[in-house]
Amino acid sequence: FEAAKAHRRVAEVQQWLGRQDKATASFRRAHTLLSGLSPEYADAADVRYERLQLLALAPSTVLGGGSVEAQLAEAVALGAGITDPPRRWTVGAVEVKLGWAREKAGDSAGAAAAYQAAIDHLAPGPDRGGRPPNVVFEQSLARQRLAALY
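Our subject in this report is the structure included herewith. Going along each chain's sequence as written, the residues are numbered from 1 onward. Only residues with pLDDT of 70 or above have their local features reported here, since the model is predicted, and side-chain atom pairs are shown and tallied only from 80 upward, although totals for entire chains, interfaces and linings are computed over all residues. With hydrogens and water excluded, all non-hydrogen atoms of the structure serve as input to the side-chain values.

### Quick word on helix α1 (residues 2-16)
Phase 1 of the analysis: Here α1 contains 15 residues, and its C-alpha end-to-end distance of 21 Å stays within 8% of the 21 Å for a straight helix at 1.5 Å per residue.
Phase 2 of the analysis: Here the term buried applies to any residue with accessible area under 20% of the maximum for its type, exposed to any over 50%, and partly exposed to those in between, with areas from a 1.4 Å probe on protein chains only. Secondary structure elements follow DSSP: runs of H or I of four or more residues count as helices, runs of E of two or more count as strands, with numbering from the N terminus. Inspection of α1 places Ala4, Lys5, Arg8, Ala11, Glu12 and Gln14 among the buried residues, and these make up the whole buried set.
Phase 3 of the analysis: Two residues qualify as a contact provided that any one of their heavy atoms is within 4.5 Å of a heavy atom in the partner residue. Close packing links the buried residues of α1 with α2 (20-35) and α4 (45-57). Expected span of a helix, by definition, is 1.5 Å for each gap between consecutive residues, and there is one gap fewer than residues.

### Examining unusual backbone geometry
Phase 1 of the analysis: Following Pro85, the chain continues into Pro86 via a peptide bond in cis, with omega recorded as 5 degrees.
Phase 2 of the analysis: Mapped onto the elements of the fold, Pro86 is located in the loop between α5 (68-78) and α6 (87-104).

### Considerations on the packing of aromatic side chains
Phase 1 of the analysis: Working definition: a ring pair exists when centres of Phe, Tyr or Trp rings (six-membered ring for Trp) sit within 6.5 Å. Plane angles under 30 degrees give stacked, over 60 give edge-to-face, the rest tilted. Tallied over the full model, the rule gives zero aromatic pairs.
Phase 2 of the analysis: Residue placement shows Arg87 over the ring face of Tyr49; its charged tip is 4.2 Å from the ring centre.
Phase 3 of the analysis: Our definition puts a charge over a ring when NZ of Lys or CZ of Arg is within 6 Å of the ring centre and also within 35 degrees of the ring normal. One residue, Arg145, lies across the ring of Trp100, its end atom 5.7 Å from the ring centre.

### Here's the deal with the pattern of salt bridges
Should the charged atoms of two oppositely charged side chains come close, the side chains can pair.
Phase 1 of the analysis: Think of a salt bridge as a Lys or Arg side-chain nitrogen and an Asp or Glu carboxyl oxygen that are within 4 Å of each other. Counted under the stated rule, the structure contains seven salt bridges.
Phase 2 of the analysis: Linking Glu12 and Arg8 is a salt bridge whose minimum nitrogen-to-oxygen distance equals 2.2 Å. Highlighted residues: Glu12 and Arg8, both in helix α1, separated by four residues, approximately one helical turn. Considered together, Glu12 and Arg8 belong to a single accessibility category, that of buried residues.
Phase 3 of the analysis: The closest approach of N and O atoms between Arg145 and Glu103, which form a salt bridge, is 2.2 Å. Taken together, the residues Arg145 in helix α8 (residues 133-149) and Glu103 in helix α6 connect sequence positions 42 residues apart.
Phase 4 of the analysis: Beyond isolated ion pairs, a larger network of salt bridges with shared partners links Arg8, Glu12 and Glu50.

None of the figures reported here should be taken as evidence of function without further support.
Below you can see the structure in the form of structure tokens.
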């Protein structure tokens, strides 16, 4: 599990640096390692969260060639039940991406649902404490895109 996390993080860095071939190899290795976990660990919260991040970040062509929308929907499904920040905010960020993918595909109702879910997940925690700037921005973006649909 820890090796899979490390490969996913290396893939992110390689992606940021524009080294797509190396990022692809690391994303695939992380996917292989996570897929190879025994069944009793495959549904553990930490493993589901790591798979969520992998699906949200890896290009859809890298992990099997499905659609971007399907891959992001799978990532969101893995985040079901996550209620505490900061992980909840990660789910919200993925929902923004899913909304965008659905909007580009012409699925306005699906995009609206994803944006609304993102707005809810990106809200401040129960203690009304601060959120990182990226979370505030992503919630604002989700609100703007939702408003643009109507």
